[in-house]
Amino acid sequence: MNINGYLDYIKTPWGRLFYRLVWHNLEFKNRKILDFGSGFGATANHLAKSNEVTAVEPNNELLTHRICEHHYEQIEGSIEALKGMEDGSFDVILCHNVLEYVENRAELIAEFHRLLKKGGILSIVKHNKNGKVMHKAVFENNIDEALSLLNGENAVSMNFGTINEYEIEDLQDCIEERFVTDKVYGIRTFYGIHPNSFKEEPDWEEKLFTLECAVESDAVYKNIAFFQHLHLIRK
């Protein structure tokens, strides 16, 4: 993994936009929050300003470079780290860009259900293949990879390996008896296919943030966004 490259990326206007678009739909205060697969800790650190946050991450290399400007509890581990936690421990659980890389999605979602209080929120951010096809075809002009994705092949992340993508419908067997789908937002509908020459303009980030927020709940646009953000409510 190119640690320094990724840390530099999240400081760019386009890197910041991803987190801003996620965070503005996670405006919690005085909640107990679990961030599973916390990575560099950007979201855990942000939410720790106003909440009690526990972060779980298996990759020690990421933890070495984690962002920790605000206090939160960091645990190194994966699903086994959840087993000893008490039922109903959390008001909110985050699982952002994680389910693409685990083999035990159903087991993990069942564990989230156990750990959430009744009425608690499970926040899932997932890759969206339609958005990837748009990015490959428009931004990268990589028609071969766009066609490959359309034919069912998985994309590969430079930092995290093969992305085993899934549709929201693929989670139904895991969630239908446990959760109600409350909201689905699109993330990175436009800015990922903007030419790089635009992205250094002084007001580009703010304008694109406003535009992305304006369409994030519109079915047409969220179906072609690069990522989708699900809010599920525990039954």
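Here's a quick rundown of the structure. (Residues numbered from 1 in each chain as written. Predicted model: local features only at pLDDT ≥ 70, side-chain atom pairs only at ≥ 80, totals over all residues. Heavy atoms only, no water.)

Comments concerning the packing of helix α2 (residues 13-23) against helix α9 (residues 204-215)
Part 1 of the reasoning: For the pair α2 and α9, the least separation of the axes is 10 Å and the interaxial angle reads 35°. The crossing of α2 and α9 is right-handed. From α2, Pro 13, Trp 14, Arg 16, Leu 17, Arg 20 and Leu 21 reach across to α9, where they touch Trp 204, Glu 205, Glu 206, Leu 208, Phe 209, Glu 212 and Cys 213.
Part 2 of the reasoning: Per-class residue counts for the contact of α2 with α9 are eight nonpolar, no polar and five charged. (Axes fitted to C-alpha atoms, helices over the stretch in contact; angles between N-to-C directions. Helix = DSSP H or I, 4+ residues; strand = E, 2+ residues; numbered from the N terminus. Left-handed = near helix turned anticlockwise from the far one by under 90°. Contact = heavy atoms within 4.5 Å. Nonpolar A, V, L, I, M, F, W, Y, C, P; charged D, E, K, R; others polar.)

Here we look at the packing of aromatic side chains
Each pair of aromatic rings is reported with the distance of its centres and the angle of its planes.
Part 1 of the reasoning: Per the stated rule, a full pass over the model turns up seven aromatic pairs.
Part 2 of the reasoning: Measuring from centroid to centroid gives 5.6 Å for Phe 36 and Phe 112, while their planes differ by 70°, and the two rings are edge-to-face. Linking Phe 36 in strand β1 (residues 32-36) with Phe 112 in helix α5 (residues 105-115), this pair joins segments that are 76 residues apart in sequence.
Part 3 of the reasoning: The class of Phe 36 is buried, set by a relative accessible area of 4%.
Part 4 of the reasoning: When its relative accessible area of 0% is taken as the criterion, Phe 112 is described as buried.
Part 5 of the reasoning: One aromatic cluster is present, built from ring pairs that chain together Phe 18, Tyr 19, Trp 23, Phe 226 and Phe 227. (Phe/Tyr/Trp six-rings, centres within 6.5 Å; stacked < 30°, edge-to-face > 60°. Buried < 20%, exposed > 50% of the residue type's maximum accessible area, 1.4 Å probe, protein only.)

Digging into the sheet that holds strand β4 (residues 90-96)
Part 1 of the reasoning: Across the sheet, seven strands lie side by side as β3-β2-β1-β4-β5-β9-β8; this open sheet has mixed pairing. Here the strands that pair on one side only, and so sit at the sheet edges, are β3 (73-76) and β8 (179-187). With direction set aside, neighbouring strand axes in the sheet form an average angle of 15°.
Part 2 of the reasoning: Of the strand pairs in this sheet, β1 and strand β2 (residues 52-57) are connected by five bridges, and their pairing is parallel. In the sheet register, Ile 33 faces β2, and the bridge partner there is Val 53.
Part 3 of the reasoning: Sitting on the sheet, α2 touches β4, β5 (116-127), β8 and β9 (227-234), and the angle it makes with β8 is about 150°. (Pairing = 2+ DSSP bridges.)

Quick look at empty space enclosed by the protein
Part 1 of the reasoning: Enumeration according to the criterion identifies one cavity of 30 Å³ or more in this entry.
Part 2 of the reasoning: In this structure, the largest cavity occupies an estimated 60 Å³ of space.
Part 3 of the reasoning: What lines the largest cavity is simply Gly 131, Met 134, His 135, Arg 188, Thr 189, Phe 190, Gly 192, Ile 193, Ile 224, Ala 225 and Phe 226.
Part 4 of the reasoning: Of the residues belonging to the lining of the largest cavity, the class tally is six nonpolar, four polar and one charged. (1 Å grid on protein atoms, 1.4 Å probe; cavity = no way out; pocket = protein on both sides within 12 Å on 5 of 7 lines; lining within 4 Å. Points joined across faces, edges and corners; volume = space filled by probe spheres on them.)

Notes on the side chain of Ser 89
Part 1 of the reasoning: By secondary structure assignment, the location of Ser 89 is in the loop between β3 and β4.
Part 2 of the reasoning: There is a polar contact of 2.4 Å between the side chain of Ser 89 and the backbone oxygen of Glu 86. (Polar contact = N/O pair within 3.5 Å; in protein donor to acceptor, adjacent residues only side chain to side chain.)

Some thoughts on the environment of Asn 223
Part 1 of the reasoning: Within the fold, Asn 223 resides in the loop between α10 (219-222) and β9.
Part 2 of the reasoning: Residue classification places Asn 223 among the partly exposed positions, given a relative accessible area of 40%.
Part 3 of the reasoning: Sequence-distant contacts of Asn 223, that is, excluding residues within four places in its chain, are made with Asn 128, Asn 130 and Gln 228.
Part 4 of the reasoning: Among the polar contacts listed, one links the side chain of Asn 223 to the backbone oxygen of Ala 219, at a separation of 3.0 Å.

Describing the nonpolar core
Part 1 of the reasoning: Core analysis: the largest hydrophobic core is formed by 31 residues, its most contacted members being Phe 18, Val 22, Ile 33, Val 53 and Tyr 191.
Part 2 of the reasoning: Within the residue set of this core, elements represented by two or more residues are α2, α3 (42-47), β2, β4, β5 and α9.
Part 3 of the reasoning: Top contributing element to this core by residue count: α2, with six residues.
Part 4 of the reasoning: In contact with Val 22, other than residues within four places in its own chain, are His 96, Val 125, Ile 187 and His 229.
Part 5 of the reasoning: Ranked by size, the runner-up nonpolar core spans 27 residues in total, among them Phe 36, Cys 95, Val 98 and Cys 174. (Core = buried A, V, L, I, M, F, W, Y, C linked by side-chain atoms within 4.5 Å.)

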